[in-house]
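Below, each chain spelled out in residue letters.
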Amino acid sequence: MDAGHASLSVEVWRGRDSGAFETYAVPQRANQTVLDVVTWIQRHAAPALAYRFACRVGVCGSCAMTVNGRPRWTCRTHVSKVASDGRLRIEPLRNLPRIKDLAVDLTPFFEKWQRAQGRFTPTASRHDPLAPVSPETPARRAADAGIECINCAVCYAACDVVAWDDGYLGPAALNRAWTLVNDERDGDRRGVLRAASAAGGCHSCHSHGSCVEHCPVGINPTAGIAGLKRQSLIDLLGGALP
Amino acid sequence: MTPARLFLAQRLTALILAPLVLVHLALILFAVEGGLSAAEILARTRGSVGWAAFYGLFVLVAAIHAPIGLRNVVHEHTGWRGRSLEVAMVALGLLLAGLGARAVIAVVAP
Amino acid sequence: MIRPSRNHPGFWAFVAHRVSGVALALFLPLHFLALGLALESADALDRMLAVADSPAFKVAEWGLVTLLTIHLGAGLRVMVLEFLPWRDGRKGLIGLGAIAAVVVGTIFLLRVG
């Protein structure tokens, strides 16, 4: 690539629900990420551009946007990977209320996280000895498979069931519930399963697999949700679930 | 009906339907050659306890399976929600079961 | 235009599953009513079958047979995903279901023709 000479044509959504794409010419650089492009626009072309980022290294989950139609973590998405023709179209994430430009309101995403009881219920205090947890048990392996979620909402934006059914908890919250159902230290695993099996819970998933396709850290929420469905049947037949 | 119960009913009926559909498809492919006639169909089915049981079960599980599926479709692609949707889907299930039972009786009653 | 985030085999399998399911559910009452004609007489059923002998009906029947196979294949795929331990390479199942639908549809056309 002839760094420094070529130029990217970048369309960026400006406004809230009503607005328009504005096109910016951004110098192309080697090893440039989509977040680099957005930051360049904000610093050199459109100082009022609203977007969100923090760590820039794929840990915090703040910078997800829709890039050429797909939800992505922009800080770890190289321009060369997604814009072979030098064109980018950057929009806010789908399925979430827009605030301004590329920033969306993540409140519904985290509210559903809570509705799925995606929080640890402790059974011990700091005065107790550390719980010995074997990494080898099937349950721990299942939990470990989903534990690295960075809450970026890429899966939530990719999911069409979320788009069609505003009551659906979505892949991230249910994936979190599945890790807790498999966490032997959690004090209310049955409660988690009940929350994840209520209306809008795991049974609403149709295994499209768009979450799996788009998860930047390689988690498979569809598999976790399938685990919740299986466990819900076991609890239902055992009388633990209404 | 809780989501878990609907899910159980949907997957249970699906498991029963899968082999029934396979037999049904095989029979269609077998019977369709040379055209269909009432005599041919009725000769196979009239007075047969086996076909009566086969189609009776088929109708019953399909009448449960189809409304649960349509309920999801309606829920996700239209604004129709709540009690009226539940009632309509139960009614659809009863309608399918009724029409299906009538069809089974029509072809198996000697 | 198809949204890029949807354009993967799993989503297309879902579309096939849903469209075939709705079509079959709409067809079912008609199927039952047609067979119910045998309650009147075998002749009534035969008259209906004669109408159904037209090329347009054959194409519709071919469509229904294919849709039934698609729905069966897509449904089995969903249950494999939900109830069997997850493995990679499950996209092969979608191809398998599609091939089954084409095979059944082709056999139907060959035998009906």
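This structure is a prediction, so every number in the text was calculated from the model and none was measured.

What counts, and at which threshold
- Residues numbered from 1 in each chain as written.
- Chains lettered and ligands numbered in written order.
- Predicted model: local features only at pLDDT ≥ 70, side-chain atom pairs only at ≥ 80, totals over all residues.
- Helix = DSSP H or I, 4+ residues; strand = E, 2+ residues; numbered from the N terminus.
- Rg over C-alpha atoms; globule rule 2.2 N^0.38 Å.
- Buried ≥ 20, exposed ≤ 12 C-beta atoms within 10 Å, placed from the backbone.
- Contact = placed C-beta atoms within 7 Å.
- Pairing = 2+ DSSP bridges.
- Axes fitted to C-alpha atoms, helices over the stretch in contact; angles between N-to-C directions.
- Nonpolar A, V, L, I, M, F, W, Y, C, P; charged D, E, K, R; others polar.

Could you give me a rundown of the overall build of chain B, with the residues and numbers involved?
Within chain B one finds 4 helices and 0 strands. Counting helices and strands in the order they occur from the N terminus, chain B gives α-α-α-α. In terms of overall dimensions, chain B is more spread out than a globule: its C-alpha atoms have a radius of gyration of 17 Å, far above the 13 Å expected for 110 residues. Referenced to the eigenvectors of the C-alpha coordinate spread, the extents of chain B come out at roughly 45 × 25 × 25 Å. Buried residues in chain B amount to 27% of all 110 residues. Across chain B, contacts joining residues at least 24 apart in sequence account for 80% of those joining residues at least 6 apart.

Hey, could you go over the interface of chain B and chain C for me, with residue numbers and the actual values?
Each partner contributes residues to the interface: chain B has 27 residues there, and chain C has 29 residues. Elements represented by at least two residues in the side of chain B that touches chain C include exactly α1 (3-31), α2 (38-45), α3 (49-77) and α4 (83-108) of chain B.

Can you tell me about the sheet that holds strand β3 (residues 64-67) of chain A, naming the residues and giving the values?
All names here are of chain A. Strand order in the open sheet made by the 5 strands is β2-β1-β5-β3-β4, with mixed pairing throughout. Looking along the sheet, the strands with just one partner apiece sit at the ends: β2 (19-27) and β4 (70-73). Across the sheet, the mean angle from the axis of one strand to that of its neighbour is 35°, orientation sign disregarded. Two elements, β3 and strand β5 (residues 87-91), share 2 bridges in a ladder whose sense is antiparallel. Paired with V67 across the two strands is I90, which belongs to β5.

Tell me what's going on with the interface of chain C and chain A, and back it up with residues and numbers.
Interface extent is often summarised as the accessible area lost during association of the parts. Each partner contributes to the interface: chain C provides 13 residues, whereas chain A provides 18 residues. Elements that contribute at least two residues to the side of chain C that touches chain A include exactly α1 (9-40) and α3 (55-83) of chain C. The biggest single contributor to the side of chain C that touches chain A is α3(C), with 4 residues. Residue composition of the side of chain C that touches chain A, grouped by class: 7 nonpolar, 3 polar and 3 charged.

Tell me about the pairing of β5(A), and please be specific about residues and values.
All names here are of chain A. Burial along β5 is one-sided: the face carrying L88 and I90 is buried and the face carrying R87, R89 and E91 is not. Two elements, strand β1 (residues 7-15) and β5, share 4 bridges in a ladder whose sense is parallel. Bridging across to β5, S9 finds its partner in R87.

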